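Below are the chains, spelled out letter by letter.
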Amino acid sequence: MSVTIQEVAEAAGVSKATVSKVLHKSYSISQETCDRVNAVIKELGYQPNRRAQSFATGATKTILFLAEMQHGVGFDNPHLFEIMAGVENALSEKGYGLIVQHSTALDLWQHFDELLQGSYVDGVILHASVVSKDVALCLAHTELPYIVVGAPDFSNQLCWIDTNNSVAGQIAVTHLWRNGYDRIAFIGGPKEDTISAHRLSGALATLNEKIPAGYLREGPPTSEGGAAAARVLLELPTRPNAVICANQYIAFGCVNELKASGIRIPEDMAVITFDDFPFSKIIEPQLSVVNLDMYDMGEQAAKVVLRRIRTPQYLVQSQTTLPILIERQSTKKLP
């Protein structure tokens, strides 16, 4: 069993706060006391735990990450792990640890004080999946530094950070135009799918709202939904020569349906989607994508919450991690 700070304090004849001050090289502790405590630390082989609370500063050097993490979340939300990896990397560089915990918006609202008002973490990063209007009201009155990853889909004054999916939609259309594609369709998710809606809004803004009848398809954000939408597009009197798919599940179904119908990609029809995983590199042909770096967004979120620990009044409501195009053989320059 590892040695505790309490055991060190008892062996040195001092308080736990004094041991913590020695560990943090506080100027308020005499050299004689420092030497005695350090000798005990060496004798007992004590290893400070960065997640243990510092009695000198009141800091735990730990950040809590709350998100919905039910079974299968890696398939339903493949961005989540990339975000957490980015958060952990940025925190570890500053000597902070990370606690990851499952929650729902309802659980967080009902147990807000228990989860966030305690003293076991210095700050919290919340995935937008656990933030409801009720949770937002609680966050507005908490003193715990926090940041929400993903803009909540309701009016708020929260501290949040997000990617710019509207710009991603603009980039997709611009890329297709530059390569000669002039009949562009969009396959998106249902109206309540905010990411799909933002990507569509950016695409429509670039198209000046001009999209031929039947070229805009909405449905389940799944491979089956993508395949069904592709079948409808192929039955139109004038087929599109390019398709923007709002996510890679839709793109997977769309590409399979096009290939089954004898459509060559990109010779007959180009396909472009968003994010560089999970399917873009294994679909044949490999898909051109507008990539949004979720790892980078996680790093930025961690840096914001650390800054809010130092400067509590610091507030951010902004987009970060602007999308970039990764061009592959699923689009080409038309003659």
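Procedures and definitions
- Residues numbered from 1 in each chain as written.
- Predicted model: local features only at pLDDT ≥ 70, side-chain atom pairs only at ≥ 80, totals over all residues.
- Heavy atoms only, no water.
- Pairing = 2+ DSSP bridges.
- Helix = DSSP H or I, 4+ residues; strand = E, 2+ residues; numbered from the N terminus.
- Axes fitted to C-alpha atoms, helices over the stretch in contact; angles between N-to-C directions.
- Contact = heavy atoms within 4.5 Å.
- 1 Å grid on protein atoms, 1.4 Å probe; cavity = no way out; pocket = protein on both sides within 12 Å on 5 of 7 lines; lining within 4 Å.
- Points joined across faces, edges and corners; volume = space filled by probe spheres on them.
- Nonpolar A, V, L, I, M, F, W, Y, C, P; charged D, E, K, R; others polar.

## Some words on the sheet that holds strand β6 (residues 184–188)
Then, in step 1: Pairing is mixed in the open sheet, where 6 strands are placed in the order β7-β6-β8-β9-β10-β12. The open sheet is flanked by β7 (216–218) and β12 (324–326), the only strands paired with a single partner. Here the average twist between neighbouring strands, direction ignored, is 20°.
Then, in step 2: Where β6 lies against strand β8 (residues 242–245), 4 bridges are found, and the strand directions are parallel. Looking at β8, one finds that I184 is bridged to A242.
Then, in step 3: Along the sheet face, helix α10 (residues 194–206) touches β6, β7 and β9 (270–274) and points at about 165° away from the line of β6.

## As for empty space enclosed by the protein
Then, in step 1: Scanning the model with the defined rule gives 1 cavity of 30 Å³ or more in all.
Then, in step 2: Of the pockets and cavities examined, the largest cavity occupies roughly 30 Å³.
Then, in step 3: Sorting the residues of the lining of the largest cavity by element identifies β6 and α10 as the ones contributing at least two each.
Then, in step 4: Per-element accounting of the lining of the largest cavity gives the leading share, 3 residues, to β6.
Then, in step 5: Here the residues of the lining of the largest cavity sort into 8 nonpolar, no polar and no charged.

## So, the layout of surface pockets
Then, in step 1: Estimates place the volume of the largest pocket at around 1100 Å³.
Then, in step 2: If you go around the largest pocket, you meet 38 residues; those closest to its centre are N77, H127, D193, T194 and I195.
Then, in step 3: Among the secondary structure elements, those contributing two or more residues to the lining of the largest pocket are α4 (73–76), α5 (79–93), α10, α12 (248–260) and α13 (294–310).
Then, in step 4: For the lining of the largest pocket, the element with the highest residue contribution is α10, accounting for 5 residues.
Then, in step 5: Taken together, the residues of the lining of the largest pocket break down into 17 nonpolar, 13 polar and 8 charged.

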